[in-house]
Amino acid sequence: MPEGSYVTAWADFRVLPGVPEAVARLNRAGLRVIVVSNQRGIALGLYSAADVAAIHANLQSTLKANGAHVDAFYFCPHDKGQCDCRKPLPGMFEQAKRAFPDITASTSAIVGDSLSDIEFGKRLGMRTVLIEGGAEQRKAWAEEAAELADGRFASLPDAVEALLTQG
C-alpha cells in the first residue's frame, strides 16, 4: 500500500507472486515463520483487531492451500508512543519469545519492507533483510533502511533463497 494507506480488509490484501512458495521453503527448512506488524489503523479507528485477525486467517488459508503456514502472528494496535510493542520497539519479539522460548534474536532474521522493520531487527541483534520492491514502491526512508539492512532484495522469494543458501 502507498505510504499513509492501510489494508483494512482481506479485499485490500495482495499476496505477492512467489510468497506462498517462499514461506513453504522456510517451513520445509524447519524454520519458524512469525509475522510481526504495526497496525496503527486500529488506534486511528480505521479497522478493528477482528479485521486484522480475519486478514491473518485468510492469509493462513491461502498459505495452507500452497503447502505453507505462518507459526504465529503478532500485531501492535497502538498509535505512536503508546506502548513498547510498536516496531521498532521489542514488545512483539518478547511476546513471540514467551510463546516460543527456544527462539533467540541472534539466530533470527527479520525480513521486512520498512525502516521500522530494519530498526527493530538491528535493536534486537537480528539479521536484517529489506524487501525493496520496485522503484515505484520506494518510500522516502528507503535509502536509510537499505543502508542499515544486512541484505536487500527485490522480493521475498529472492530473500528466502539468500537466507537458505547463504546461512
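Worth saying up front: this structure is predicted, and the values here are computed from it rather than measured. (Residues numbered from 1 in each chain as written. Predicted model: local features only at pLDDT ≥ 70, side-chain atom pairs only at ≥ 80, totals over all residues. Heavy atoms only, no water.)

Asker: Talk me through the overall build of the chain; I want residue IDs and the actual numbers.
Answerer: Of the regular secondary structure elements, the chain holds seven helices and five strands. When the elements of the chain are put in sequence order from the N terminus, they spell out α-β-α-α-β-α-β-α-β-α-β-α. Expected size for 167 residues packed as a compact globule is a radius of gyration near 15 Å; at 15 Å, the chain falls within 12% of this value. On the principal axes, the C-alpha backbone points of the chain span a range of 45 × 40 × 35 Å. Residues classed as buried in the chain amount to 39% of the 167 residues present. Sequence-distant contacts, at least 24 apart, represent 59% of the contacts inside the chain between residues at least 6 apart. Just so you have it, the chain exposes about 9,000 Å², and 53% of that area is on carbon and sulfur atoms. The average position of the 17 basic charges and that of the 20 acidic charges among the side chains of the chain differ by 3 Å. (Helix = DSSP H or I, 4+ residues; strand = E, 2+ residues; numbered from the N terminus. Rg over C-alpha atoms; globule rule 2.2 N^0.38 Å. Buried < 20%, exposed > 50% of the residue type's maximum accessible area, 1.4 Å probe, protein only. Contact = heavy atoms within 4.5 Å. Areas by Shrake-Rupley, 256 points an atom, 1.4 Å probe, with all protein chains shown as cover. Lys, Arg positive; Asp, Glu negative; His and termini not counted. Charge placed at Lys NZ, Arg CZ, Asp CG, Glu CD.)

Asker: Outline the pattern of salt bridges, listing residues and values.
Answerer: For the structure on display, the rule yields six salt bridges. Among the ionic pairs, Glu-161 bridges to Arg-25, the shortest N-O distance being 2.6 Å. Within this pair, whereas Glu-161 is found in helix 7 (residues 156–166), its partner Arg-25 is found in helix 1 (residues 19–28), the two being separated by 136 residues in sequence. By relative accessible area, which is 29% here, Arg-25 ends up partly exposed. (Salt bridge = Lys/Arg side-chain N within 4 Å of Asp/Glu carboxyl O.)

Asker: So, the nonpolar core: which residues are in play, and what are the values?
Answerer: By size, the foremost hydrophobic cluster in this structure holds 14 residues, and its most contacted members are Val-36, Tyr-74, Met-92, Phe-93, Phe-120 and Met-126. Of all the elements in the fold, those that place two or more residues in this core are strand 2 (72–76) and helix 4 (91–99). Sequence-distant contacts of Met-92, defined by excluding residues within four places in its chain, comprise Val-36, Ser-37, Asn-38, Tyr-74, Phe-75, Cys-76, Cys-85 and Lys-87. Residues Val-33, Leu-63, Val-70 and Val-160 belong to the second largest nonpolar core, which totals twelve residues. (Core = buried A, V, L, I, M, F, W, Y, C linked by side-chain atoms within 4.5 Å.)

Asker: Before we move on, could you go through helix 1 and cite the residues and values that matter?
Answerer: Counting buried positions along helix 1 gives seven out of ten residues, so the element sits mostly inside the fold. Among all positions of helix 1, only Val-19, Pro-20, Ala-22, Val-23, Ala-24, Leu-26 and Asn-27 are buried. Two residues or fewer after helix 1 comes Gly-30, characterised by a positive phi angle close to 80°.

Asker: Give me the lowdown on the sheet that holds strand 4 (residues 127–131), citing residues and values where you can.
Answerer: Here we have three strands laid out as an open sheet, ordered 3-4-5, and parallel in their pairing. Since the sheet does not close on itself, it has two edges, and those belong to strand 3 (109–112) and strand 5 (151–153), each with one partner. Here the average twist between neighbouring strands, direction ignored, is 20°. Alignment of strand 4 against strand 5, held across three bridges, turns out to be parallel. Bridged to Leu-130 within strand 5 is Arg-152. Sitting on the sheet, helix 5 (residues 115–124) touches strand 3 and strand 4, and the angle it makes with strand 4 is about 170°. Against the sheet, helix 7 engages strand 3, strand 4 and strand 5, with an angle of about 155° to strand 4. (Pairing = 2+ DSSP bridges. Axes fitted to C-alpha atoms, helices over the stretch in contact; angles between N-to-C directions.)

Purely geometric stuff here, so don't read any function into it on its own.
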